[in-house]
Amino acid sequence: MSSIAPLTGAAQSEPPLFWLRLRRSRAALVSAVILIIITSLALLAPVIEFLLGVDATRVDLFNQYAAPDSTHWLGTDEAGRDVFVRLLYGGRISLLVGLVAALGAAVIGTTIGLFAGYHGGWLDTVLMRTTDGVIALPLLPLLIVLAAIDLSKLGIPEAIANSEMASLYRIVFIIAIVGWTTVARLVRAATLSVRTREFVRAAEAMGASSAKIMLRHILPNVVSPIIVATTLSIGVVILLESVLSFLGLGIQPPIPSWGNMLTNAQELATRAPALAIWPGTVIFVTVMAFNFLGDGLQDALDPRSVRR
Amino acid sequence: MVIGISQFPQGFHPNIASHVALSLIHGMTRRPFTVYDAEWQLICQLCTTVPTREAGTIRDWTTPDGKDGFAVDYTIRDGATWGDGTPITTKDVQFTWAIGREETSGVNNQELYRRMEKIEAQDAHNFTIFWNKRTCDVAAINDFEVVPAHLEADAASDPSVYRSRNAYDTDPTQPGLYFGPYRITHVEPGATVVLEPNPTWWGTAPFFRKITIRTVENTAALEANLLSGEIDYIAGEDGISLDQALTFEKRHGERFNVVFKPGLFYEHIDLRLDNPVLEDIRVRQAMLHAIDRNSISVRLFEGKQPVADTSVHPLDQYHVDDVRKYPFDPALAATLLDEAGWTDIRKGIRHNAAGEPLLLEIMTTAGNRVRELVEQVIQSNLREIGIDLRIRNQPARVLFGQTIRQRQFTGMAMFAWFSSPRNVPRTTLHSSMIPTVGNGWSGQNYTGYRSDVMDTAIDRVEVGCSEEDQTRHWTTIQQTYAQDLPVLPLYFRANAFIMPKWLKGVTPTGHQYPSTLWVENWTAE
Amino acid sequence: MLAFLTRRVLGMTIVLAVMSFVVFMLIGLMPGDPIDIMIASNPELTPADGERLKRLHGLDLPLWERYRNWLGVALSGDLGFSRTYNRPVLDILLPRLGNTVILLGLSSLAAIAIAIPLGVIAATRPQSPVDGAINLFCFAGISVPPFWLALIFILLFAVTLGWLPAGGMGAPDACLFARLEFLVLPVATLTIASLAGYTRFARSAMIEVLRQDYIRTARAKGLGPARTVFGHGLRNAMLPLTTIIALDFGSLFSGALITETMFGYLGMGKLIYDSILGNDFNLALVGLLLATLVVLIGNFLADIAYAVLDPRISFRALEAA
């Protein structure tokens, strides 16, 4: 489920050194290239769809389970739709969900971490106890409850609660509100070390407001753990989306996502294994690439990483 | 022998729980008085002969308050004995009836017991049911499941707690609860039910010394269990989906017998007839002409699920073929939409003179892969003639528990009915059965269909019991249905029974009474 | 010691109380209350019946008061009935809890038993091909969708090779040993998911330890590399690992939910999932609380292990922490 990477908060390194270090990590570089390719292909999905002359939503019952050919690069699925283009469209959704949910979680986590670390005292205790509590909880069953609640009972307008995209908003939201814990802990740790530095002291002496200090002086100095944790959590979110799809609570068809394509193909595993292999593989490769990239970033941003 | 099913029964009381997995198990452990056999004929299992007017076992009767009813005689067959040796008597019948009439007892089919004004016992074996309503199928008491008075009387003394105190749920392995060829000897909730022969069974001793019913909810895993030999037979009543079975047959047909039986699941799309777009019959007809039901049946289900013209199953005694049909014809569909005023095509979507797009919403059960697939085929089909169909699915419990029941769907809802032979469609098509806040959302006429012709035919088919009347009214019902299209008929769903080659004697019925009611005929070669 | 226990028990109680409130409120937001479902399945019930039943079950009250009532009854020891199984919830939950604890326990042990040697091997040869391979394996483990891995295991080991059962629990009356073959695939699936985190942590903790002065001293004194690593390093490296394992119980439980569903293993995770989807509110609520309790106890045990492993830390120090 969640990855437990040994992350240590650290002050920002100088950019040149950072690039030097990142370049040294071949795995991270390869991952970055893979991610760039996957993302651009996903963004270009409509163009590719047009160039190949296929329609990702058009059902063709006379062309089910077609083998790969020059038009259908990866063949067609159980409804005769082009698997390759659907994977690209699914990638848009999965990557979007991963990115937005991870960013949402990062924003929540950063806010909590900054407040806890900067203010300390009882606020710190309460926030960090809560964080520990959330980390320890069995989250998946809770996510299932969250995914099952009736949006209109929350006073969310019918138009949004009932739209085709509702499942997407819901996933992003519920992942963000449970996924902030790693960032919060890291940001708090980094804040604690920055708080006592001279420029913070100076700003305090000049009477700057605490909000201003946190935003202007502390935040820029705790940005690297946020970047690392967010990169890692994009992968985790993509995986989580597929798990929720498997439980019937993910992105709902007809919107394709890697998770629901994989879940869908699962029942057909004996008839058309390729339908399950492709989404499974792209999830695997993408998540792995995010993990390696996050790992590489961490090494590059961590001054102690020379010795590791 | 190990039978694999995909759901575990929710409780074991035959009159309180209601679940296809439970009926499958109780088919082996209990027997109803009457039931439809595999030829769809009404036969006796716990009784001796099916009552008829001719034999004088069905007589006219009038209730004390003047309602027309019937008196019907039954005899409990000789040798019918509970598994603990106590004979089944009319005392049990009367006890079952009394508990069924208690509002708080949790018995699900209370309507059945309310219609039985009283039950009189002549002796230990003969009893008469007095109905306070005249219906043509009065001889059939298939759902009257007798329960043992000698074990249940205590629990039933306070009806409001009977639901949780009854022996079927508190002590399901108690032998005295069963009288079929088998009895339940072990239950592991959520996973397995073990059956072993019941020594007091009246008929031929069953062949298998032990039958284990195993639940594997993930159907891919269920299939894997069959292949790896942990399950011998996947029951068609509650097993894997048809397209999975089709694939399975191709790959493993030499090891297993795969039997497809069109069942009584009628897949259809309910339409909101008060939606201004769907109000126009030409739009409804255009849609049915535009949906390539034949290709869906042939390509997705290899023709194993026949296209439906109406809600009446082709195997039903009163099915008629002479109804309006809607073959796949996009050109005709387009003409119909033009006539209905949807002429202005912009970006492939039709608009009317007021500039409104031809937009409809379809809903079905989220997570049901086959339905979601069919739904996407329909979406694509309708797109071709300029209808913009939006998909919005919900989990079954929300869709059925709320959205459809309270008519909250705005356009179309795709689901299935589980209807029994000769089931009069009163609750689904009669205009008095439209659910509203006022009637507490009772009735199942979710489309809001109102037709005098239909109402009259339904009223008459319930009371005109002669062969001629029945044929006439059933014909009217089917023809009106196909003409008015309150519902878009899709197909009759087929069940797939996957049996090992050595298993003989299993006869799928195609209706809701399971093949296990004849489990004593099953053998191995 | 006593003060430490009291503190922890108090902490757990607070977490459980907060959880019960949050989950109760969330469940109140789920569509379709039990009476609506009852009316849906029985066309003969009138709106008046519905109102009467809602009053009878206290469903007409505001959510907050319903929670207070539930809490009152629950504290008196009556956790209520499951709607679907028609049995008291604990009768249903406790056997499942046992199964889940077996599954979680075995996979935790397996993950630790594999992770520590792997971590140590990687740590002693940093940047070597072996280190790279272990790293790759770890990343693969956390990057594969768990239900997909389970499916591949089933197809490979149960269907194609026929070595292991595809799922289920074995004969109901069999002893644990007879059930072992049914546990292999679920435990393996779950182990792979948590293995990666542990291994990476063990590796970095070990690297950290090997840098310490006392290790250098030990080496300088002429101790062999094996004795240095296992005699001095491992014990110290284990300490942070126990913390991580404690924190991981929650996600381990989440993994169990998937694994149980795929293998038809009758555990709590699957039961909770089914009860949420089946609108069996009471079972879902009590199940979630029980799951939380299990996770909290897991944390607690890990804390004790920490104290036992580290002679420098007494329970007094834990109290202060």
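Residues numbered from 1 in each chain as written. Chains lettered and ligands numbered in written order. Predicted model: local features only at pLDDT ≥ 70, side-chain atom pairs only at ≥ 80, totals over all residues.

> Looking at this structure, how should I read the overall build of chain C?
Across its full length, chain C carries 13 helices and 0 strands. Taken from N to C terminus, the helices and strands of chain C fall in the order α-α-α-α-α-α-α-α-α-α-α-α-α. Contacts in chain C between residues at least 24 apart in sequence constitute 70% of all its contacts with a sequence separation of at least 6. (Helix = DSSP H or I, 4+ residues; strand = E, 2+ residues; numbered from the N terminus. Contact = placed C-beta atoms within 7 Å.)

> Honestly, the overall build of chain A in this entry has me stumped. Any pointers?
Assigned secondary structure in chain A consists of 14 helices and 0 strands. Counting across all 308 residues of chain A, residues that qualify as buried make up 50%. Within chain A, contacts between residues at least 6 apart in sequence are counted, and of these 72% link residues at least 24 apart. (Buried ≥ 20, exposed ≤ 12 C-beta atoms within 10 Å, placed from the backbone.)

> Any chance you could explain the nonpolar core here in plain terms?
Core analysis: the biggest nonpolar cluster contains 307 residues, and Ile175(A) and Ile498(B) have the highest contact counts within it. Ranked by residues supplied to this core, first place goes to helix α4 (residues 83-119) of chain A with 17 residues. Setting aside residues up to four positions removed in sequence, Ile498(B) forms contacts with Leu226(B), Tyr233(B), Ile234(B), Gly239(B), Ala245(B), Phe248(B), Phe256(B) and Val258(B). (Core = buried A, V, L, I, M, F, W, Y, C linked by C-beta atoms within 7 Å.)

> Can you walk me through the confidence of the model for chain A in this structure?
Should the pLDDT be low somewhere, the predicted coordinates at that spot are not to be read in detail. Residues and elements named next belong to chain A. The predicted model of chain A averages 82 in pLDDT, with 88% of residues at 70 or higher. Looking across chain A, the model is least confident in helix α1 (residues 15-24), with a mean pLDDT of 66, and most confident in α4, with 92. The model gives residues 1-13 a pLDDT under 50, and that stretch makes 44 contacts with residues more than four places away or in other chains. (pLDDT = per-residue confidence, 0-100.)

> For this particular structure, what's the right way to read helix α13 (residues 258-266) of chain A?
Three- or four-residue spacings in an α-helix give side chains the same orientation, since the helix completes a turn every 3.6 residues. When you tally the buried positions in α13(A), you get 9 out of 9 residues, the bulk of the element. Every buried residue of α13(A) is accounted for by Trp258(A), Gly259(A), Asn260(A), Met261(A), Leu262(A), Thr263(A), Asn264(A), Ala265(A) and Gln266(A). Turning to α13(A), the residues buried within the fold contact α4, α12 (223-246) and α14 (273-301) of chain A, α7 (219-227) and α12 (369-384) of chain B together with α7 (146-160) of chain C.

> Is there a simple way to think about the interface of chain C and chain A in this case?
A common measure of how large an interface is: the accessible area buried when the components associate. Of the residues lining the interface, 46 residues belong to chain C; the matching set on chain A comes to 39 residues. Looking at the side of chain C that touches chain A, the elements that each hand over two or more residues are α1 (2-28), α6 (129-143), α7, α8 (176-210), α10 (225-263), α11 (268-277) and α12 (281-309) of chain C. When residues of the side of chain C that touches chain A are assigned to their parent elements, the largest contribution, 11 residues, is made by α10(C). Looking at the side of chain C that touches chain A residue by residue, the classes come out as 34 nonpolar, 10 polar and 2 charged. (Nonpolar A, V, L, I, M, F, W, Y, C, P; charged D, E, K, R; others polar.)

> Explanation requested: the environment of Val93(B) in the structure shown.
Residue and element names in this part refer to chain B. Its location among the elements puts Val-93 in helix α2 (residues 90-101). With 23 C-beta atoms packed within 10 Å, Val-93 lands in the buried category. Through-space distance from the C-alpha of Val-93 to that of Phe-127 is 8.5 Å; in sequence the pair is 34 residues apart.

> Just checking my understanding: could you explain the pairing of strand β1 (residues 2-5) of chain B for this structure?
Within a regular strand, side chains alternate between the sheet's two faces. Of the pairings in the sheet, the one linking β1(B) to strand β10 (residues 211-215) of chain B comprises 4 bridges and is parallel in character. Residue Gly4(B) lies in a different strand from β10(B), and its bridge partner there is Arg214(B). (Pairing = 2+ DSSP bridges.)

> I tried to follow the sheet that holds strand β6 (residues 116-121) of chain B on my own but got confused; where do I start?
What holds strands together in a sheet is hydrogen bonding between their backbones, with the strands either parallel or antiparallel. All names here are of chain B. The strand order across the open sheet built from 4 strands is β4-β5-β7-β6, with neighbouring strands paired in antiparallel fashion. Among the strands making up the open sheet, the edge pair consists of β4 (58-62) and β6. Neighbour-to-neighbour, the strand axes of the sheet open up by a mean angle of 25 degrees, direction not taken into account. One ladder, built from 6 bridges, connects strand β5 (residues 68-75) with strand β7 (residues 126-131); its direction is antiparallel. Each residue of the ladder has a partner; that of Val-72, found in β7, is Ile-129. (Axes fitted to C-alpha atoms, helices over the stretch in contact; angles between N-to-C directions.)

> I tried to follow the pairing of β7(B) on my own but got confused; where do I start?
Residue and element names in this part refer to chain B. Side chains Phe-127, Ile-129 and Trp-131 of β7 all project onto a buried face; the interleaved residues Asn-126, Thr-128 and Phe-130 project onto a face where none is buried. Alignment of β6 against β7, held across 5 bridges, turns out to be antiparallel. By the bridge assignment for β7, Glu-120 is matched with Thr-128. Taking the residues between adjacent antiparallel strands as the criterion, β6 and β7 are bridged by 4 residues.

> I tried to follow the packing of helix α5 (residues 89-124) of chain C against α12(C) on my own but got confused; where do I start?
Two quantities define a packed helix pair, namely the angle between the helix axes and the distance between the axes. Residues and elements named next belong to chain C. With their axes 11 Å apart at the nearest point, α5 and α12 run at an angle of 35 degrees to one another. Note that α5 runs across α12; the crossing there is right-handed. Two secondary-structure elements touch here, α5 through Val-89, Ile-92, Leu-93, Leu-97 and Val-101 and α12 through Asn-282, Leu-283, Val-286, Gly-287, Leu-290 and Val-294. Its residues assigned to classes, the contact of α5 with α12 comprises 9 nonpolar, 2 polar and no charged. (Left-handed = near helix turned anticlockwise from the far one by under 90°.)

> Sorry, what's going on with the packing of helix α5 (residues 121-136) of chain A against helix α9 (residues 181-195) of chain A here?
All names here are of chain A. Two numbers describe how α5 lies on α9: the axes approach to 10 Å, and their chain directions differ by 145 degrees. Of the two possible hands of crossing, α5 and α9 adopt the one that is left-handed. When α5 is examined against α9, the residues Met-128, Thr-131, Val-134 and Ile-135 are found in contact with a partner set consisting of Thr-181, Ala-184, Arg-185 and Arg-188. Looking at side-chain class alone, the contact of α5 with α9 contains 4 nonpolar, 2 polar and 2 charged residues.

> I tried to follow the environment of Ser311(B) on my own but got confused; where do I start?
Residue and element names in this part refer to chain B. For Ser-311, the location among the structural elements is in the loop between α10 (293-301) and α11 (330-339). For the pair Ser-311 and Gln-478, spaced 167 residues apart in the sequence, the C-alpha separation amounts to 7.7 Å. Filtering out sequence-adjacent residues up to four positions away, Ser-311 remains in contact with Tyr-266, Trp-417, Pro-425, Tyr-481 and Pro-489.

> Explanation requested: unusual backbone geometry in the structure shown.
Trans is the prevailing form of peptide bonds, just as negative phi is the prevailing case for residues other than glycine. Positive phi, normally seen in glycine, also occurs at Glu302(B), with a value near 50 degrees. Structurally, Glu302(B) is set in the loop between α10 and α11.

> Is there a simple way to explain helix α6 (residues 139-148) of chain A in this structure?
Of all 10 residues in α6(A), 9 are buried; the element is thus mostly enclosed. Every buried residue of α6(A) is listed here: Leu139(A), Leu140(A), Pro141(A), Leu142(A), Leu143(A), Ile144(A), Val145(A), Leu146(A) and Ala148(A).

> Just to check I follow, could you spell out the environment of Ile276(C) for this structure?
Position of Ile276(C) among the secondary structure elements: in helix α11. In sequence terms Ile276(C) and Tyr85(C) are 191 residues apart; their C-alpha atoms lie 13 Å from each other. Filtering out sequence-adjacent residues up to four positions away, Ile276(C) remains in contact with Ile144(A), Val145(A), Ala148(A) and Ala284(C).

> Whenever I open this one, the confidence of the model for chain C confuses me. Can you help?
Residues and elements named next belong to chain C. Predicted confidence across chain C gives a mean pLDDT of 78, with 80% of residues reaching 70 or more. Of all the helices and strands in chain C, helix α13 (residues 315-320) carries the lowest mean pLDDT, 47, while α5 carries the highest, 88. With pLDDT under 50 throughout, residues 317-321 is counted as low confidence; its partners more than four residues away or in other chains account for 7 contacts. Interface scoring of the predicted complex returns ipTM 0.81; its pTM is 0.81.

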